[in-house]
Amino acid sequence: MRTSHAPAPMAPMAPAPAPIASASASALPVLPDTPVDRTDRRRGLQLVLGIALFLGAQLVMAGVAGLATAASGAPADADPAPWALLLSAVVGAALALGGYLLIVGRIGGRPGLALRGRGRLAELVVGLALGVGLIALSVGLIALLGGYRVTGFAPSPQLLVPLAIGLGAGVVEEIAFRGVVMRVLDAWLGSWAALTITSLLFGLVHLMNPGASLVSALGLVIEAGVLLGAAYLLTRRLWLAFGLHIAWNTVQAGVFSSAVSGTGRQSGLLIAETSGPTWLTGGAMGIEGSLVSVLLGLAVGIVMLVLAARRGHLLPSVRAERAEG
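The text that follows walks through the structure, step by step, so that each part is easy to find. (Residues numbered from 1 in each chain as written. Predicted model: local features only at pLDDT ≥ 70, side-chain atom pairs only at ≥ 80, totals over all residues. Heavy atoms only, no water.)

A few words on the layout of surface pockets. Roughly 940 Å³ of internal volume is contained in the largest pocket. Forming the boundary of the largest pocket are 39 residues, of which Q58, I165, A169, E173 and T263 lie nearest the centre. It is helix α5 (residues 160-189) that provides the largest number of residues to the lining of the largest pocket, a total of seven residues. Across the lining of the largest pocket, the residue classes tally to 24 nonpolar, 12 polar and three charged. (1 Å grid on protein atoms, 1.4 Å probe; cavity = no way out; pocket = protein on both sides within 12 Å on 5 of 7 lines; lining within 4 Å. Points joined across faces, edges and corners; volume = space filled by probe spheres on them. Helix = DSSP H or I, 4+ residues; strand = E, 2+ residues; numbered from the N terminus. Nonpolar A, V, L, I, M, F, W, Y, C, P; charged D, E, K, R; others polar.)

Set out below in structure tokens:
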């Protein structure tokens, strides 16, 4: 942050020190800093249309998967084919991205908000790497505690379904929860309230998944809600959250053969056995339901929030910010 100095008739003034938050943020070797842009408008309408987009994308994905499977000649009561699920995820992600750009651009007047700017690829790559590392560390710790044991390698792993789970949820859910709901609430109520509310909503929505319970939903609130919300607040964009969510889901199912949010056990690269209490293994919710994963996700989320605070990215509501200014 540059500081201008007025000329003085006597000795030159000593340069004023840069604000602590700005100096700290510029020194962080994490991701390129991103100015906070909260100049969009019609946020109430954006919120309504964003929720409608999320529900519409879910319906479209289900319809595409069913129609594609039926078109291949499968029986009417057959489960969607893996390739059809991946196709539906691609369609759903494209619909969500296109709808988001339309809502934010036409309605909000800020085309590409939370998507534009330099460093997008770096944020996406960091998110993917972090997602892989977190789920691998979770499995490693669970294995050390006796809850997960690899017994072999799958001769013909099914990787299309994990890719579909990763891409569909990773893009569609992040567009809805962080790209629309959290961004709007951040402007209305401030960053902390936005993080709290979206984390709670994220957990509640997953209560509808098979095998979900209040305990598992609370785990997702603490783990994924905080982690993914912090990823948005740190960068004020969606790319880091995209990468985290996609990698977390895909690797959990495609490598470690775990259920993802109660979707049923997957046939990934590793053949493994789980044993022990639900708090350790995650039970029907999969590895992400383990207390180990919840605590790891929370810890990384807290680190991201500290970094976001140092960058000056945790803000009061727009109205309060204007009043202070």
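From this point, the discussion proceeds with the structure in view.
On to the nonpolar core. Within the largest apolar cluster, 63 residues are counted, with the highest numbers of intra-cluster contacts made by Y100, Y148, I175, L233, L238, F256 and M304. Filtering out sequence-adjacent residues up to four positions away, Y100 remains in contact with L53, G105, L113, A114, L115, I175, G179, V180, R183 and L238. (Core = buried A, V, L, I, M, F, W, Y, C linked by side-chain atoms within 4.5 Å. Buried < 20%, exposed > 50% of the residue type's maximum accessible area, 1.4 Å probe, protein only. Contact = heavy atoms within 4.5 Å.)

Throughout the structure, instances matching the rule amount to 10 salt bridges. With a closest N to O distance of 3.0 Å, D186 and R38 form a salt bridge. Residue D186 is found in helix α5, and its partner R38 is found in the loop between α1 (20-27) and α2 (43-71); the two are separated by 148 residues along the sequence. Each member of the pair, D186 as well as R38, carries the same accessibility label: buried. The salt bridge partner of R38 is E321, with a shortest N-O separation of 2.9 Å. With R38 in the loop between α1 and α2 and E321 in helix α11 (residues 318-324), this residue pair connects regions lying 283 residues apart in the sequence. Accessibility expressed as a relative area gives 9% for R38, which makes it buried. One continuous salt-bridge network, built from bridges that share partners, spans R38, D186, R236 and E321. (Salt bridge = Lys/Arg side-chain N within 4 Å of Asp/Glu carboxyl O.)

End to end, α2 covers 41 Å across 29 residues, agreeing with the expected 42 Å (1.5 Å per residue, within 8%). Listed as buried for α2 are R43, Q46, L47, G50, L53, F54, A57, M61, V64, A65, A68 and T69. In the core, the buried residues of α2 are packed alongside α3 (82-107), α5 and α11. With its phi angle positive at about 95°, G73 sits one or two positions after the end of α2. (Expected span 1.5 Å × (residues − 1).)

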